[in-house]
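# Architecture at a glance
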Amino acid sequence: PGFRQSDSHPVVCVSWNDARAYADWLSAQTGQTYRLPTEAEWEYAARAGTTTARFWGNDADAACAHANVHDEASRRVNGFTWAHHACDDDHPQTAPVGRFSPNAQGLHDVLGNVSEWTCSAFDADYGGAEQRCGAGGGRRAIRGGSWANNPDWVRSASRNRNTPGDRSSFRGLRLARSP
């Protein structure tokens, strides 16, 4: 990815196609059914019953206790000039998984660290695509913000999208297991 990582860091540089292939492989290996979450499932899990901008509240600058974000450390090391969180989490790129406080559902890293692919096709108008996994090659919804994102992107409601073949050092995945 252009920076140092270990086995304790999140997977990055995976496309939506890669993430789907991994879910299929894991399902075959375990006999369980794994998949990317829908966009609606992702937001429900990330919010953990809250109505604030972030599961820890509305203060973006409180992020460093809860998420790995573009902050003082990232600005200093990476030289990014866009808005940053006014705190320092000591991780200029990815952080080890589970390093930050979980949300009320016990989920770590739902905001920050890496943004995450969902299985949903992106629909700017919330026309129902966010509630199901989409087929075809159109743009896919991405949620969560990352270590490189400004405060506006690291919110429970923030949405992004990209093509299924896109890969980046700030995008990864989270899987859901179906019963």
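Structure: see above.
Rules behind the numbers
Residues numbered from 1 in each chain as written. Predicted model: local features only at pLDDT ≥ 70, side-chain atom pairs only at ≥ 80, totals over all residues. Heavy atoms only, no water. Disulfide = S-S within 2.5 Å. Helix = DSSP H or I, 4+ residues; strand = E, 2+ residues; numbered from the N terminus. Buried < 20%, exposed > 50% of the residue type's maximum accessible area, 1.4 Å probe, protein only. Core = buried A, V, L, I, M, F, W, Y, C linked by side-chain atoms within 4.5 Å. Contact = heavy atoms within 4.5 Å. Phe/Tyr/Trp six-rings, centres within 6.5 Å; stacked < 30°, edge-to-face > 60°. Lys NZ or Arg CZ within 6 Å of the ring centre and 35° of its normal. 1 Å grid on protein atoms, 1.4 Å probe; cavity = no way out; pocket = protein on both sides within 12 Å on 5 of 7 lines; lining within 4 Å. Points joined across faces, edges and corners; volume = space filled by probe spheres on them. Nonpolar A, V, L, I, M, F, W, Y, C, P; charged D, E, K, R; others polar. Pairing = 2+ DSSP bridges.

### Digging into the state of the cysteines
Under the definition given, this model contains two disulfides. Two residues share a disulfide in this structure: Cys64 and Cys87, whose sulfurs sit 2.1 Å from each other. For the disulfide bridge between Cys64 and Cys87, the dihedral angle about the S-S bond is near 75 degrees, and by the sign convention the bridge is right-handed. Here Cys64 is found in the loop between helix H2 (39-47) and helix H3 (72-78), whereas its partner Cys87 is found in the loop between H3 and strand S2 (115-121), with 23 residues between them in sequence. Per residue, the accessibility class of Cys64 equals that of Cys87, and both read buried.

### Topic: the nonpolar core
Within the largest apolar cluster, twelve residues are counted, these being Trp42, Ala46, Phe55, Trp56, Ala63, Cys64, Ala67, Val69, Cys87, Val110, Leu111 and Val154. With residues near it in sequence (within four places) discarded, Trp56 still touches Ala62, Ala63, His66, Ala67, Leu111 and Val154. Counting six residues, the second-largest nonpolar core is a separate cluster that includes Ala19, Trp117, Cys119 and Ile142.

### So, the packing of aromatic side chains
Centre-to-centre distance and the angle between the planes together describe a pair of aromatic rings. What the rule picks out here adds up to five aromatic pairs. When the centroid spacing of 5.8 Å and the interplanar angle of 25 degrees are considered together, the rings of Tyr22 and Trp25 count as stacked. Of this pair, Tyr22 and Trp25 are both found in helix H1 (residues 16-30), three residues apart, which corresponds to roughly one turn of the helix. Pairwise contacts between aromatic rings join Phe3, Phe80, Trp82 and Trp147 into one cluster. The ring of Phe100 is capped by Arg99, whose NZ or CZ atom sits 5.1 Å from the centre of that ring. In this structure, Arg159 packs its charged tip against the face of Tyr126, placed 4.0 Å from the ring centre.

### Things to note about the layout of surface pockets
When its volume is computed, the largest pocket comes out at roughly 190 Å³. Taken together, Pro10, Val11, Val97, His108, Asp109, Asn113, Val114, Glu116, Leu173 and Arg174 make up the lining of the largest pocket. A breakdown of the residues in the lining of the largest pocket according to their chemical character gives five nonpolar, two polar and three charged. Quantified by volume, the second largest pocket comes out at close to 150 Å³. Residue lining of the second largest pocket: Tyr22, Leu26, Tyr34, Leu173, Arg174 and Leu175, and that is the complete set. Split into classes, the residues belonging to the lining of the second largest pocket amount to five nonpolar, no polar and one charged.

### Quick notes on the sheet that holds strand S4 (residues 159-162)
Taken in spatial order, the four strands make up an open sheet running S4-S3-S2-S5, and their pairing is mixed. Every other strand in the sheet has two partners, leaving S4 and strand S5 (171-172) as the edge strands with one partner each. Pairing analysis gives four bridges linking strand S3 (residues 140-143) to S4, with the strands arranged antiparallel. Counterpart to Arg140 in the pairing with S4 is Asn162.

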